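The lines below spell out each chain.
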Amino acid sequence: MAQLHDLRLRLLVQQESEQIVENLPDGLDLSVIQARCLCWLALLAEAHEDSANEAVADGDTDQAMAWFADSMRLRDVIQVVSSIEIPIPGASDDPDGACEDYRAA
């Protein structure tokens, strides 16, 4: 089940990435967007961990477990987002074929 969730998340992120590439001006760098997302996700995960620790200190084990589970999900998302390879606009899968096409023109 976790693998299916991971694959669905990867597909969703890939589709959004492709849509962003198609709709963005040339000056916007997707690697910067990825880095900013990772920073925000890390901050959210840390905040959830802090909330889990506070719940433990308050003796609320159920709430602590919920916060901790959320922080682990965020860590999983961080792993998925950090593994995404940002496509280089205009690059093809076959660099040799692309060079031959440019030479022929």
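The model shown is predicted, which means the values in this text are computed figures rather than measured ones.

Enquirer: Help me understand the side chain of H48 in this model?
Expert: For H48, the position within the fold is in helix α2 (residues 30-57). For H48, a relative accessible area of 17% corresponds to the buried category. A distance of 2.8 Å separates the side chain of H48 from the backbone oxygen of L44, its partner in a polar contact. If we skip the residues at most four places from it in the chain, H48 touches W67, D70, S71 and L74.

Enquirer: Can you help me understand the confidence of the model for the protein in this one?
Expert: The predicted coordinates ought not to be read in detail in places where the model reports low pLDDT. In the predicted model, the protein carries a mean pLDDT of 79, and the fraction of residues at 70 or more is 76%. When the criterion is pLDDT under 50, residues 97-105 qualifies, and its contacts beyond four places in sequence or with other chains add up to one contact.

Enquirer: How do you make sense of the nonpolar core when you look at a structure like this?
Expert: Soluble globular proteins tend to pack their nonpolar side chains together in the buried interior. Core analysis: the biggest nonpolar cluster contains five residues, these being L41, A45, L74, I78 and V81. When contributions to this core are tallied by element, the ones reaching two or more residues are α2 and α3 (61-82). Among the elements that line this core, the one with the most residues is α3, at three residues.

Enquirer: I'm lost on a negative patch on the surface in this one. Help?
Expert: Where like charges cluster on the molecular surface, the negative patch consists of E46, D50, E54, D58, D60 and D62. Examining the composition of the negative patch, we find that three residues originate from one element, α2, more than from any other. Examined against the element boundaries, D62 turns out to sit in helix α3. The exposure class of D62 is exposed, given its relative accessible area of 63%.

Criteria and thresholds
Counting restarts for each chain: residues are numbered from 1 in the order of the written sequence. Side-chain atom pairs in this predicted model are given and counted only at pLDDT of 80 or more, local residue features only at pLDDT of at least 70, and totals for whole chains, interfaces and linings cover all residues. Side-chain figures throughout are based on the complete set of non-hydrogen atoms in the structure, without hydrogens or water. Numbering goes from the N terminus for both helices and strands, where a helix is a DSSP run of H or I of at least four residues and a strand is a run of E of at least two. Each residue is placed in one exposure class: buried if its accessible area under a 1.4 Å probe, protein chains only, is under 20% of its type's maximum, exposed if it is over 50%, and partly exposed if it falls in between. For this analysis, a polar contact is any N or O atom pair within 3.5 Å, provided that within protein one partner can donate a hydrogen and the other can accept it, and provided that sequence-adjacent residues contribute only side-chain to side-chain pairs. Note on contacts: a residue pair qualifies if any of its non-hydrogen atoms lie within 4.5 Å across the two residues. For every residue, the predictor reports its confidence as pLDDT, a number between 0 and 100. Residues belong to a common nonpolar core when they are buried Ala, Val, Leu, Ile, Met, Phe, Trp, Tyr or Cys residues joined through side-chain atoms within 4.5 Å. Candidates for patches are residues over 30% relative accessible area with no salt bridge; among them, like charges are joined within 9 Å and nonpolar side chains (Val, Leu, Ile, Met, Phe, Trp, Tyr) within 5 Å. Methods summary: accessible areas were calculated by the Shrake-Rupley approach with a probe of 1.4 Å, and residue burial reflects only the protein chains presented. By definition here, a salt bridge exists when the distance from a side-chain nitrogen of Lys or Arg to a carboxyl oxygen of Asp or Glu is within 4 Å. In this tally, Asp and Glu contribute negative charge and Lys and Arg positive charge; neither His nor the terminal groups of the chain are included. Each charge is placed at NZ for Lys, CZ for Arg, CG for Asp and CD for Glu.

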